[in-house]
Amino acid sequence: MTTLRTHLYEEHLKLGAKIVPFAGWDMPVQYTSVKDEVLAVRQSVGVFDVSHMGEFFVEGPDAEKF
């Protein structure tokens with residue numbers, strides 16, 4: 001089965017992410033150690049790629065222009 005990839009997939013790879021299949025998508029699960037990542041989020045900030053969690057459709061005569 002082919003998995004989908006978000007627009008950030010290549011960036012995740014460049015940053016050294018461990019990629020795993022998740023609900024039909026190739027998603028990053030970890031970059032370094034769990035301890036390092038927990039400390040990074042607690043001391044700074046964490047970001048989660050949610051672009052796989054929804055989609056929307058634009059229809060109508062001006063859809064492509066939009």
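Reading the values: the criteria
- Each chain carries its own residue numbering, running from 1 in the direction its sequence is written.
- Where totals are concerned, whole chains, interfaces and linings use all residues; where local detail is concerned, this predicted model gives features only for residues with pLDDT of at least 70, and gives and counts side-chain atom pairs only at 80 or more.
- Side-chain numbers here rest on the full set of heavy atoms in the structure, without hydrogens or water.
- Only residues whose relative accessible area exceeds 30% and that take part in no salt bridge are eligible for patches, with like-charged residues grouped when within 9 Å of each other and nonpolar side chains (Val, Leu, Ile, Met, Phe, Trp, Tyr) grouped when within 5 Å.
- Residue burial considers only the protein chains on display, and all accessible areas are found by Shrake-Rupley using a 1.4 Å probe.
- By convention in these notes, a salt bridge is any Lys or Arg side-chain nitrogen within 4 Å of a carboxyl oxygen on Asp or Glu.
- Secondary structure is summarised from DSSP: a helix means a run of H or I of at least four residues, a strand means a run of E of at least two, and numbering begins at the N terminus for each.
- Summary of the burial criterion: residues with accessible area below 20% of their type's maximum are buried, those above 50% are exposed, and those between are partly exposed, where the area comes from a 1.4 Å probe applied to protein chains only.

### Some remarks on a nonpolar patch on the surface
Where nonpolar side chains cluster on the molecular surface, the patch consists of Phe 48, Val 50 and Met 53 and spans about 350 Å² of accessible area. For Val 50, the location among the structural elements is in the segment after helix H2 (34-43).

### Here we look at the environment of Ala 40
The topology assignment puts Ala 40 in helix H2. Owing to a relative accessible area of 38%, Ala 40 belongs among the partly exposed residues under this scheme. Through-space distance from the C-alpha of Ala 40 to that of Phe 56 is 33 Å; in sequence the pair is 16 residues apart.

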